Amino acid sequence: MGFSVFAVLGIFLNLVALCNAGTTSAFVRKLEETVDMPLDADVFKVPSGYNAPQQVHITQGDHVGKGVIVSWVTTDEPGSNTVLFWSEKSKHKKKANGTVVTYKYYNYTSGYIHHCTIKNLKFNTKYYYEVGIGHTSRTFWFMTPPEVGPDVPYTFGLIGDLGQTFDSNVTLTHYELNPTKGQTLLFVGDLSYADKHPNHDNVRWDTWGRFTERSAAYQPWIWTAGNHDIDFAPELGERKPFKPYTHRYHVPYKASGSTAPLWYSIKRASAYIIVLSSYSAQGKYTPQYKWLEQEFLKVNRSETPWLIVLMHAPLYNSYNVHYMEGETMRVVYEPWFVKYKVDVVFSGHVHAYERSERVSNIAYNVVNGICTPVKDQSAPVYIIIGDGGNIEGLATNMTEPQPKYSAFREASFGHATFAIKNRTHAYYSWHRNHDGYAVVADSLWFSNRYWHPVDDSTSQ
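Quick notes on the rules
Residues numbered from 1 in each chain as written. Predicted model: local features only at pLDDT ≥ 70, side-chain atom pairs only at ≥ 80, totals over all residues. Heavy atoms only, no water. Pairing = 2+ DSSP bridges. Helix = DSSP H or I, 4+ residues; strand = E, 2+ residues; numbered from the N terminus. 1 Å grid on protein atoms, 1.4 Å probe; cavity = no way out; pocket = protein on both sides within 12 Å on 5 of 7 lines; lining within 4 Å. Points joined across faces, edges and corners; volume = space filled by probe spheres on them. Nonpolar A, V, L, I, M, F, W, Y, C, P; charged D, E, K, R; others polar. Axes fitted to C-alpha atoms, helices over the stretch in contact; angles between N-to-C directions. Parallel < 35°, antiparallel > 145°, perpendicular 65-115°, else oblique. Contact = heavy atoms within 4.5 Å. Expected span 1.5 Å × (residues − 1). Bend = angle between axes of the 7 residues up to and from the residue. Buried < 20%, exposed > 50% of the residue type's maximum accessible area, 1.4 Å probe, protein only. Salt bridge = Lys/Arg side-chain N within 4 Å of Asp/Glu carboxyl O. Phe/Tyr/Trp six-rings, centres within 6.5 Å; stacked < 30°, edge-to-face > 60°. Lys NZ or Arg CZ within 6 Å of the ring centre and 35° of its normal.

1. Thoughts on the sheet that holds strand E14 (residues 221–222)
With mixed pairing, the 6 strands of this open sheet are ordered in space as E14-E13-E12-E24-E25-E26. Edge strands, defined here as strands with exactly one partner in the open sheet, are E14 and strand E26 (442–447). Here 7 bridges tie strand E24 (residues 414–420) to strand E25 (residues 425–432), and the two strands are oriented antiparallel to one another. Within E25, the position partnered with Ile-420 by the bridge is Ala-426.

Right, dumping it as C-alpha coordinates:
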(Lines give C-alpha, C1' and ligand atoms only; values in the text may rest on other atoms or scores of the structure.)
Protein backbone atom coordinates (compact mmCIF):
# COMPACT_ATOMS: atom_id res chain seq x y z
CA MET A 1 0.00 0.00 0.00
CA GLY A 2 2.91 2.33 0.78
CA PHE A 3 4.23 1.84 -2.73
CA SER A 4 0.96 2.87 -4.39
CA VAL A 5 0.60 6.00 -2.26
CA PHE A 6 4.05 7.20 -3.25
CA ALA A 7 3.42 6.24 -6.87
CA VAL A 8 0.20 8.25 -7.10
CA LEU A 9 1.72 11.22 -5.30
CA GLY A 10 4.84 11.13 -7.45
CA ILE A 11 2.90 10.94 -10.71
CA PHE A 12 0.63 13.79 -9.61
CA LEU A 13 3.47 16.09 -8.64
CA ASN A 14 5.43 15.38 -11.79
CA LEU A 15 2.40 16.05 -13.96
CA VAL A 16 1.94 19.36 -12.16
CA ALA A 17 5.60 20.11 -12.87
CA LEU A 18 4.93 19.77 -16.61
CA CYS A 19 3.64 23.32 -16.55
CA ASN A 20 7.07 24.61 -15.51
CA ALA A 21 9.34 22.02 -17.12
CA GLY A 22 12.31 22.67 -19.39
CA THR A 23 12.74 26.18 -18.07
CA THR A 24 15.39 28.61 -17.05
CA SER A 25 14.33 29.96 -13.68
CA ALA A 26 12.99 33.48 -13.61
CA PHE A 27 14.69 34.03 -10.26
CA VAL A 28 17.61 36.43 -10.68
CA ARG A 29 20.12 36.43 -7.88
CA LYS A 30 21.74 39.78 -7.21
CA LEU A 31 25.38 39.50 -8.23
CA GLU A 32 27.60 40.35 -5.31
CA GLU A 33 31.28 40.01 -4.63
CA THR A 34 32.16 36.57 -3.35
CA VAL A 35 35.10 36.59 -0.96
CA ASP A 36 36.51 34.13 1.52
CA MET A 37 35.71 34.80 5.15
CA PRO A 38 38.64 36.39 7.05
CA LEU A 39 41.00 34.12 8.96
CA ASP A 40 39.66 35.44 12.28
CA ALA A 41 36.02 34.60 11.43
CA ASP A 42 34.21 32.83 14.24
CA VAL A 43 33.56 29.75 12.07
CA PHE A 44 37.34 29.25 11.84
CA LYS A 45 37.91 29.47 15.59
CA VAL A 46 40.58 27.12 16.94
CA PRO A 47 39.26 25.04 19.88
CA SER A 48 40.78 26.02 23.21
CA GLY A 49 43.13 23.83 25.22
CA TYR A 50 46.54 22.30 24.75
CA ASN A 51 46.72 20.15 21.61
CA ALA A 52 42.94 20.23 21.26
CA PRO A 53 41.70 18.17 18.29
CA GLN A 54 40.37 20.27 15.44
CA GLN A 55 39.00 19.76 11.92
CA VAL A 56 37.17 16.66 13.14
CA HIS A 57 35.28 14.82 10.41
CA ILE A 58 33.92 11.37 9.70
CA THR A 59 33.13 9.28 6.65
CA GLN A 60 32.02 5.71 6.06
CA GLY A 61 34.79 3.30 6.99
CA ASP A 62 33.79 0.09 5.21
CA HIS A 63 31.58 -1.01 2.34
CA VAL A 64 28.27 -1.61 4.17
CA GLY A 65 28.07 1.06 6.90
CA LYS A 66 29.34 -0.76 10.00
CA GLY A 67 32.58 1.20 10.02
CA VAL A 68 33.47 4.88 10.44
CA ILE A 69 36.72 6.69 9.67
CA VAL A 70 37.33 9.41 12.27
CA SER A 71 39.85 12.09 11.27
CA TRP A 72 41.22 15.06 13.19
CA VAL A 73 44.25 17.34 13.45
CA THR A 74 46.44 18.24 16.41
CA THR A 75 48.97 21.06 16.24
CA ASP A 76 51.15 21.12 19.38
CA GLU A 77 52.30 17.50 19.22
CA PRO A 78 51.00 14.25 17.73
CA GLY A 79 49.25 13.21 20.92
CA SER A 80 47.11 10.11 21.14
CA ASN A 81 45.95 8.18 18.07
CA THR A 82 43.18 6.54 20.10
CA VAL A 83 39.45 7.03 19.65
CA LEU A 84 37.19 6.08 22.54
CA PHE A 85 33.64 5.20 21.48
CA TRP A 86 30.47 3.87 23.08
CA SER A 87 26.85 3.43 22.14
CA GLU A 88 24.14 5.67 23.57
CA LYS A 89 22.74 2.78 25.59
CA SER A 90 26.08 1.62 26.97
CA LYS A 91 28.58 3.16 29.37
CA HIS A 92 31.31 0.76 28.35
CA LYS A 93 33.93 2.62 26.34
CA LYS A 94 35.77 0.75 23.61
CA LYS A 95 38.86 2.03 21.86
CA ALA A 96 40.32 1.99 18.37
CA ASN A 97 43.81 3.04 17.40
CA GLY A 98 44.66 5.02 14.32
CA THR A 99 47.61 6.49 12.48
CA VAL A 100 49.10 9.96 12.15
CA VAL A 101 50.57 11.61 9.06
CA THR A 102 52.01 14.98 8.14
CA TYR A 103 52.90 16.61 4.85
CA LYS A 104 54.70 19.65 3.51
CA TYR A 105 53.44 21.83 0.70
CA TYR A 106 55.79 24.58 -0.54
CA ASN A 107 56.43 26.66 2.60
CA TYR A 108 53.64 25.08 4.66
CA THR A 109 53.92 22.19 7.11
CA SER A 110 50.72 20.50 8.19
CA GLY A 111 49.64 19.67 11.70
CA TYR A 112 49.44 16.08 12.84
CA ILE A 113 46.64 14.48 10.83
CA HIS A 114 45.00 11.51 12.52
CA HIS A 115 42.86 8.82 10.89
CA CYS A 116 41.23 6.03 12.86
CA THR A 117 38.78 3.42 11.56
CA ILE A 118 36.15 2.16 14.00
CA LYS A 119 34.89 -1.26 12.92
CA ASN A 120 32.06 -3.69 13.65
CA LEU A 121 29.54 -1.12 14.79
CA LYS A 122 25.86 -1.94 15.16
CA PHE A 123 23.46 -0.64 12.54
CA ASN A 124 21.00 2.14 13.32
CA THR A 125 22.73 3.05 16.58
CA LYS A 126 23.85 6.33 18.08
CA TYR A 127 27.51 6.34 19.11
CA TYR A 128 29.56 8.89 20.99
CA TYR A 129 33.27 9.21 20.32
CA GLU A 130 36.12 11.02 22.05
CA VAL A 131 39.41 12.23 20.56
CA GLY A 132 42.38 14.04 22.10
CA ILE A 133 42.86 11.48 24.86
CA GLY A 134 45.47 12.57 27.43
CA HIS A 135 45.41 16.26 26.55
CA THR A 136 42.31 18.28 25.68
CA SER A 137 39.67 15.74 24.75
CA ARG A 138 36.57 16.52 22.72
CA THR A 139 33.43 14.41 22.34
CA PHE A 140 31.12 14.09 19.33
CA TRP A 141 28.46 11.63 18.14
CA PHE A 142 27.10 9.98 15.00
CA MET A 143 24.33 7.60 13.91
CA THR A 144 25.16 4.46 12.01
CA PRO A 145 22.87 3.73 9.05
CA PRO A 146 20.16 1.08 9.03
CA GLU A 147 21.21 -2.32 7.77
CA VAL A 148 21.44 -2.48 3.98
CA GLY A 149 18.06 -3.45 2.51
CA PRO A 150 15.75 -2.67 -0.42
CA ASP A 151 13.03 -0.68 1.34
CA VAL A 152 15.11 1.18 3.91
CA PRO A 153 14.22 4.89 3.91
CA TYR A 154 17.24 7.18 4.08
CA THR A 155 17.98 10.83 3.28
CA PHE A 156 21.16 12.16 1.72
CA GLY A 157 22.23 15.79 1.61
CA LEU A 158 24.06 17.19 -1.42
CA ILE A 159 26.61 20.00 -1.59
CA GLY A 160 29.35 20.77 -4.07
CA ASP A 161 32.06 23.37 -4.65
CA LEU A 162 31.58 24.75 -1.18
CA GLY A 163 34.67 26.82 -0.43
CA GLN A 164 34.72 29.12 2.59
CA THR A 165 33.04 32.37 1.65
CA PHE A 166 30.17 34.10 3.42
CA ASP A 167 27.90 32.39 0.87
CA SER A 168 29.46 29.04 1.77
CA ASN A 169 28.47 29.64 5.36
CA VAL A 170 24.88 30.35 4.31
CA THR A 171 24.80 27.13 2.29
CA LEU A 172 26.01 25.01 5.18
CA THR A 173 23.65 26.75 7.61
CA HIS A 174 20.68 26.15 5.33
CA TYR A 175 21.61 22.49 5.03
CA GLU A 176 21.84 22.14 8.80
CA LEU A 177 18.46 23.84 9.31
CA ASN A 178 16.62 22.06 6.51
CA PRO A 179 13.70 20.18 8.13
CA THR A 180 14.30 17.37 5.65
CA LYS A 181 17.25 16.24 7.71
CA GLY A 182 20.09 14.83 5.67
CA GLN A 183 21.61 11.82 7.43
CA THR A 184 24.75 11.63 5.28
CA LEU A 185 26.18 14.29 2.98
CA LEU A 186 27.24 13.45 -0.56
CA PHE A 187 29.95 15.97 -1.45
CA VAL A 188 30.70 16.25 -5.18
CA GLY A 189 34.15 17.85 -5.03
CA ASP A 190 36.08 21.11 -4.65
CA LEU A 191 36.49 21.51 -0.92
CA SER A 192 38.60 24.40 0.36
CA TYR A 193 39.66 26.40 -2.72
CA ALA A 194 43.03 26.91 -1.05
CA ASP A 195 44.49 26.95 -4.56
CA LYS A 196 42.84 30.33 -5.15
CA HIS A 197 45.20 31.89 -2.61
CA PRO A 198 48.88 32.74 -3.15
CA ASN A 199 51.09 29.64 -3.20
CA HIS A 200 48.02 27.44 -2.67
CA ASP A 201 48.02 28.63 0.94
CA ASN A 202 47.33 25.41 2.83
CA VAL A 203 46.25 27.36 5.90
CA ARG A 204 42.97 27.53 3.99
CA TRP A 205 42.72 23.75 4.16
CA ASP A 206 42.90 24.12 7.94
CA THR A 207 40.26 26.82 8.09
CA TRP A 208 37.95 24.80 5.85
CA GLY A 209 38.31 21.80 8.12
CA ARG A 210 37.34 23.87 11.15
CA PHE A 211 34.47 25.49 9.25
CA THR A 212 32.87 22.20 8.21
CA GLU A 213 33.48 20.40 11.51
CA ARG A 214 30.11 21.48 12.86
CA SER A 215 28.46 19.09 10.38
CA ALA A 216 31.19 16.69 9.26
CA ALA A 217 32.02 15.59 12.83
CA TYR A 218 28.43 14.42 13.36
CA GLN A 219 27.44 12.82 10.06
CA PRO A 220 29.51 11.18 7.33
CA TRP A 221 30.54 13.28 4.38
CA ILE A 222 31.13 11.07 1.34
CA TRP A 223 34.04 12.62 -0.54
CA THR A 224 34.53 13.22 -4.26
CA ALA A 225 37.66 14.93 -5.57
CA GLY A 226 37.38 18.05 -7.75
CA ASN A 227 39.78 20.10 -9.85
CA HIS A 228 40.45 22.55 -7.01
CA ASP A 229 41.58 19.61 -4.89
CA ILE A 230 44.39 18.65 -7.28
CA ASP A 231 46.90 21.26 -6.03
CA PHE A 232 49.33 20.39 -8.81
CA ALA A 233 51.78 23.33 -8.90
CA PRO A 234 55.14 22.47 -10.48
CA GLU A 235 56.07 26.16 -10.33
CA LEU A 236 56.09 25.71 -6.54
CA GLY A 237 57.87 22.38 -6.71
CA GLU A 238 54.59 20.56 -6.00
CA ARG A 239 54.21 17.79 -8.55
CA LYS A 240 52.09 15.25 -6.67
CA PRO A 241 48.40 15.73 -7.50
CA PHE A 242 45.88 15.73 -4.66
CA LYS A 243 48.57 15.87 -1.95
CA PRO A 244 46.64 17.92 0.67
CA TYR A 245 43.33 16.23 -0.16
CA THR A 246 44.56 12.64 0.14
CA HIS A 247 46.49 13.34 3.34
CA ARG A 248 43.49 14.98 5.02
CA TYR A 249 40.48 13.05 3.70
CA HIS A 250 40.60 9.27 3.82
CA VAL A 251 37.95 7.07 2.21
CA PRO A 252 37.32 3.28 2.35
CA TYR A 253 38.47 2.66 -1.22
CA LYS A 254 40.11 -0.71 -0.54
CA ALA A 255 36.81 -2.11 0.74
CA SER A 256 35.42 -1.91 -2.81
CA GLY A 257 38.54 -3.28 -4.50
CA SER A 258 39.70 0.10 -5.75
CA THR A 259 43.42 0.75 -6.11
CA ALA A 260 43.18 4.50 -5.47
CA PRO A 261 41.21 6.73 -3.09
CA LEU A 262 39.82 8.85 -5.93
CA TRP A 263 37.30 6.22 -7.05
CA TYR A 264 35.43 3.80 -4.80
CA SER A 265 31.95 2.66 -3.77
CA ILE A 266 29.86 2.16 -0.66
CA LYS A 267 26.49 0.72 0.25
CA ARG A 268 24.39 2.78 2.61
CA ALA A 269 20.84 1.82 3.57
CA SER A 270 19.08 1.18 0.23
CA ALA A 271 21.63 2.96 -1.96
CA TYR A 272 24.72 1.83 -3.84
CA ILE A 273 26.96 4.85 -4.32
CA ILE A 274 29.78 4.92 -6.85
CA VAL A 275 32.32 7.75 -6.65
CA LEU A 276 34.34 8.49 -9.80
CA SER A 277 37.34 10.72 -10.50
CA SER A 278 36.97 13.27 -13.28
CA TYR A 279 40.71 13.98 -13.09
CA SER A 280 42.15 10.48 -13.32
CA ALA A 281 42.64 8.36 -16.43
CA GLN A 282 39.28 7.05 -17.64
CA GLY A 283 39.94 5.19 -20.89
CA LYS A 284 39.92 1.50 -21.58
CA TYR A 285 42.59 -0.51 -19.72
CA THR A 286 43.12 2.21 -17.10
CA PRO A 287 42.71 1.34 -13.40
CA GLN A 288 39.52 3.36 -12.97
CA TYR A 289 37.94 1.86 -16.10
CA LYS A 290 38.79 -1.72 -15.13
CA TRP A 291 37.49 -1.16 -11.60
CA LEU A 292 34.19 0.38 -12.75
CA GLU A 293 33.66 -2.36 -15.32
CA GLN A 294 33.68 -4.92 -12.51
CA GLU A 295 31.90 -2.68 -10.01
CA PHE A 296 28.64 -2.50 -11.92
CA LEU A 297 28.52 -6.31 -11.98
CA LYS A 298 28.54 -6.34 -8.17
CA VAL A 299 25.43 -4.17 -7.76
CA ASN A 300 22.43 -6.17 -6.56
CA ARG A 301 19.32 -4.06 -7.07
CA SER A 302 17.31 -6.48 -4.91
CA GLU A 303 19.55 -5.41 -2.03
CA THR A 304 20.37 -1.79 -2.95
CA PRO A 305 17.74 -0.58 -5.45
CA TRP A 306 19.06 2.97 -5.74
CA LEU A 307 22.19 3.29 -7.90
CA ILE A 308 23.81 6.72 -7.48
CA VAL A 309 26.98 8.01 -9.15
CA LEU A 310 29.04 10.96 -7.92
CA MET A 311 31.62 12.81 -10.00
CA HIS A 312 32.89 16.35 -10.23
CA ALA A 313 32.72 17.41 -13.89
CA PRO A 314 29.17 17.10 -15.29
CA LEU A 315 28.42 15.01 -18.37
CA TYR A 316 25.48 17.22 -19.35
CA ASN A 317 25.78 20.98 -18.82
CA SER A 318 24.05 23.87 -20.60
CA TYR A 319 26.15 26.63 -19.04
CA ASN A 320 28.97 28.08 -21.14
CA VAL A 321 31.50 27.67 -18.35
CA HIS A 322 33.11 24.20 -18.28
CA TYR A 323 31.00 23.30 -21.30
CA MET A 324 31.74 19.72 -22.48
CA GLU A 325 34.62 19.26 -20.03
CA GLY A 326 33.04 15.95 -19.01
CA GLU A 327 32.83 14.72 -22.59
CA THR A 328 35.66 12.21 -22.33
CA MET A 329 34.06 10.50 -19.35
CA ARG A 330 30.63 10.66 -20.98
CA VAL A 331 31.79 8.90 -24.14
CA VAL A 332 33.49 6.14 -22.17
CA TYR A 333 31.07 5.57 -19.26
CA GLU A 334 27.62 6.69 -20.38
CA PRO A 335 26.81 3.37 -22.11
CA TRP A 336 27.34 1.64 -18.76
CA PHE A 337 25.15 4.18 -16.97
CA VAL A 338 22.33 3.30 -19.37
CA LYS A 339 22.98 -0.46 -19.44
CA TYR A 340 22.96 -0.74 -15.65
CA LYS A 341 20.12 1.76 -15.21
CA VAL A 342 21.80 4.31 -12.95
CA ASP A 343 19.10 6.35 -11.22
CA VAL A 344 20.91 9.67 -10.85
CA VAL A 345 24.34 11.21 -11.41
CA PHE A 346 25.31 14.12 -9.17
CA SER A 347 28.17 16.43 -10.14
CA GLY A 348 29.53 19.88 -9.40
CA HIS A 349 32.18 22.02 -11.14
CA VAL A 350 29.68 24.46 -12.68
CA HIS A 351 28.83 27.02 -10.01
CA ALA A 352 25.10 26.96 -10.55
CA TYR A 353 22.22 24.51 -10.52
CA GLU A 354 20.81 22.34 -13.28
CA ARG A 355 18.68 19.20 -13.56
CA SER A 356 18.40 17.22 -16.78
CA GLU A 357 15.74 14.95 -18.20
CA ARG A 358 16.55 11.27 -18.64
CA VAL A 359 18.60 11.34 -21.84
CA SER A 360 21.40 9.42 -23.47
CA ASN A 361 23.77 10.00 -26.34
CA ILE A 362 25.24 6.58 -26.98
CA ALA A 363 24.27 5.78 -30.59
CA TYR A 364 27.22 7.56 -32.23
CA ASN A 365 29.80 5.24 -33.83
CA VAL A 366 31.96 7.78 -35.74
CA VAL A 367 30.38 7.14 -39.16
CA ASN A 368 26.63 7.27 -38.49
CA GLY A 369 26.46 10.91 -37.38
CA ILE A 370 23.90 10.13 -34.66
CA CYS A 371 25.15 12.44 -31.92
CA THR A 372 22.09 14.16 -30.45
CA PRO A 373 20.87 13.36 -26.92
CA VAL A 374 17.55 11.50 -26.96
CA LYS A 375 15.03 10.66 -24.27
CA ASP A 376 15.94 7.38 -22.63
CA GLN A 377 14.08 5.97 -19.65
CA SER A 378 17.02 3.68 -18.86
CA ALA A 379 19.28 6.71 -18.46
CA PRO A 380 19.98 8.61 -15.25
CA VAL A 381 18.91 12.12 -14.36
CA TYR A 382 21.99 14.36 -14.34
CA ILE A 383 22.07 17.01 -11.62
CA ILE A 384 24.65 19.78 -11.24
CA ILE A 385 24.92 20.89 -7.62
CA GLY A 386 28.15 22.91 -7.83
CA ASP A 387 26.46 25.90 -6.22
CA GLY A 388 27.95 25.75 -2.71
CA GLY A 389 29.08 29.38 -2.73
CA ASN A 390 32.84 29.37 -3.35
CA ILE A 391 35.21 32.27 -4.06
CA GLU A 392 34.86 32.02 -7.85
CA GLY A 393 31.22 33.10 -7.65
CA LEU A 394 28.24 32.08 -9.75
CA ALA A 395 28.16 30.80 -13.32
CA THR A 396 25.50 32.94 -14.98
CA ASN A 397 26.24 32.62 -18.71
CA MET A 398 23.94 29.95 -20.14
CA THR A 399 23.71 28.49 -23.63
CA GLU A 400 20.69 29.67 -25.58
CA PRO A 401 18.25 28.33 -26.46
CA GLN A 402 18.00 25.98 -23.52
CA PRO A 403 18.70 22.43 -24.74
CA LYS A 404 15.84 19.94 -24.71
CA TYR A 405 17.74 17.71 -22.28
CA SER A 406 17.79 20.49 -19.66
CA ALA A 407 14.72 20.36 -17.43
CA PHE A 408 15.51 23.18 -15.00
CA ARG A 409 18.44 25.55 -14.44
CA GLU A 410 19.14 28.50 -12.21
CA ALA A 411 22.23 30.52 -11.33
CA SER A 412 21.95 30.52 -7.55
CA PHE A 413 23.80 29.08 -4.58
CA GLY A 414 22.14 26.30 -2.61
CA HIS A 415 22.04 22.65 -1.53
CA ALA A 416 19.80 19.63 -2.12
CA THR A 417 18.41 16.53 -0.43
CA PHE A 418 17.61 13.10 -1.85
CA ALA A 419 15.11 11.27 0.35
CA ILE A 420 14.70 7.58 -0.46
CA LYS A 421 11.25 6.36 0.58
CA ASN A 422 11.37 2.72 -0.53
CA ARG A 423 12.61 0.66 -3.48
CA THR A 424 10.39 2.47 -5.98
CA HIS A 425 10.36 6.16 -5.01
CA ALA A 426 12.62 8.93 -3.78
CA TYR A 427 11.92 12.62 -3.36
CA TYR A 428 14.58 15.07 -4.50
CA SER A 429 14.53 18.79 -3.65
CA TRP A 430 16.86 21.71 -4.28
CA HIS A 431 16.93 24.75 -1.98
CA ARG A 432 18.35 28.08 -3.10
CA ASN A 433 20.16 30.18 -0.51
CA HIS A 434 18.08 33.30 -1.00
CA ASP A 435 14.93 31.51 0.05
CA GLY A 436 14.02 30.57 3.58
CA TYR A 437 15.70 27.30 4.41
CA ALA A 438 12.49 25.30 4.00
CA VAL A 439 11.60 26.62 0.52
CA VAL A 440 11.94 24.13 -2.33
CA ALA A 441 13.05 25.82 -5.56
CA ASP A 442 13.11 22.65 -7.68
CA SER A 443 11.98 19.09 -7.00
CA LEU A 444 11.29 15.73 -8.58
CA TRP A 445 9.73 12.46 -7.50
CA PHE A 446 12.20 9.85 -8.72
CA SER A 447 10.93 6.48 -9.92
CA ASN A 448 13.55 3.79 -9.50
CA ARG A 449 14.91 2.59 -12.85
CA TYR A 450 15.01 -1.07 -11.82
CA TRP A 451 11.86 -1.50 -9.73
CA HIS A 452 9.53 1.15 -11.15
CA PRO A 453 10.87 2.42 -14.50
CA VAL A 454 7.99 4.70 -15.44
CA ASP A 455 8.50 8.01 -17.17
CA ASP A 456 9.27 10.50 -14.37
CA SER A 457 10.31 13.35 -16.65
CA THR A 458 9.01 16.87 -16.16
CA SER A 459 8.65 17.84 -19.83
CA GLN A 460 6.89 16.37 -22.84
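2. Regarding empty space enclosed by the protein
In total, this model carries 4 cavities of 30 Å³ or more according to the counting rule given. Approximately 40 Å³ is the volume attributed to the largest cavity. Around the largest cavity sit Ile-58, Gly-65, Gly-67, Val-68, Phe-142, Met-143, Thr-144, Pro-145, Pro-220 and Arg-268, which together line it. Counted by class, the lining of the largest cavity contains 6 nonpolar, 3 polar and 1 charged residues.

3. Observations regarding the packing of helix H2 (residues 166–177) against helix H3 (residues 203–216)
Relative orientation of the contacting elements H2 and H3 amounts to 10 degrees, with a least axis distance of 11 Å. In terms of axis orientation, H2 runs roughly parallel to H3. Where H2 approaches H3, its residues Ser-168, Asn-169, Leu-172, Thr-173, Tyr-175 and Glu-176 are matched on the opposing element by Phe-211, Thr-212, Arg-214 and Ser-215. In the contact of H2 with H3, the residues fall into 3 nonpolar, 5 polar and 2 charged.

4. Structural notes on H3
Over its 14 residues, H3 extends 19 Å from the first C-alpha to the last, a length consistent with the 20 Å expected when each residue adds 1.5 Å. Of all bends in H3, the biggest is about 30 degrees, found at Arg-210. When H3 is considered as a whole, its buried residues turn out to be Arg-204, Trp-205, Asp-206, Thr-207, Trp-208, Gly-209, Arg-210, Phe-211, Thr-212, Glu-213, Ser-215 and Ala-216.

5. Digging into helix H6 (residues 327–339)
Counted at 1.5 Å a residue, the expected span for H6 with its 13 residues is 18 Å, and the 18 Å between its end C-alpha atoms agrees. Along its length, H6 shows its largest kink, about 50 degrees, at Tyr-333, and proline Pro-335 lies within four residues downstream of that point. Those residues of H6 lying buried are Met-329, Arg-330, Tyr-333, Glu-334, Trp-336, Phe-337 and Val-338. The secondary structure elements touched by the buried residues of H6 are helix H5 (287–298), strand E17 (306–310), strand E18 (344–347), strand E20 (359–360) and strand E22 (381–385). Following H6 by one or two positions, Lys-341 adopts a phi angle in the positive range, close to 55 degrees.

6. A few points about the layout of surface pockets
Regions of empty space are outlined by a rolling probe, equal in size to a water molecule, passed over the atoms. Volume-wise, the largest pocket comes out at about 390 Å³. What lines the largest pocket is a set of 18 residues, among which Ile-69, Thr-117, His-250, Val-251 and Tyr-253 lie closest to the centre. By residue number, the principal contributor to the lining of the largest pocket is strand E9 (residues 112–118), which donates 3 residues. Here the lining of the largest pocket is composed, by residue class, of 8 nonpolar, 8 polar and 2 charged.

7. Thoughts on the pattern of salt bridges
Within this structure, the stated rule accounts for 18 salt bridges. The salt bridge partner of Asp-456 is Arg-449, with a shortest N-O separation of 3.4 Å. Its relative accessible area of 1% is what places Arg-449 among the buried residues.

8. Some words on the packing of aromatic side chains
The description of an aromatic ring pair uses the distance of the two centres, along with the angle that the planes make with each other. Applying the stated rule across the entire model yields 37 aromatic pairs. Between Tyr-245 and Tyr-249, the aromatic rings sit 6.2 Å apart at their centres with planes inclined by 25 degrees, giving stacked as the arrangement. There is no split in this pair, since Tyr-245 and Tyr-249 are both buried. A centroid spacing of 6.0 Å and a plane angle of 80 degrees characterise the contact between Phe-346 and Phe-418, whose relative ring orientation is edge-to-face. On the criterion of sequence distance, the pair formed by Phe-346 in strand E18 and Phe-418 in strand E24 is long-range, its members being 72 residues apart. Pair check on accessibility: Phe-346 and Phe-418 agree, each one buried. For the cation-ring pair, Arg-432 lies above Phe-27, with the distance from its terminal atom to the ring centre recorded as 4.0 Å.

9. Things to note about unusual backbone geometry
Cis peptide bonds are those with omega within 30 degrees of zero, and the linkage from Glu-400 to Pro-401 qualifies with 0 degrees. Within the secondary structure layout, Pro-401 lies in the loop between E22 and strand E23 (406–410). Of note in the backbone geometry, Tyr-106 takes a positive phi value of approximately 55 degrees without being a glycine. Here Tyr-106 is to be found in the loop between strand E7 (104–105) and strand E8 (108–109). Positive phi, normally seen in glycine, also occurs at Met-324, with a value near 65 degrees.

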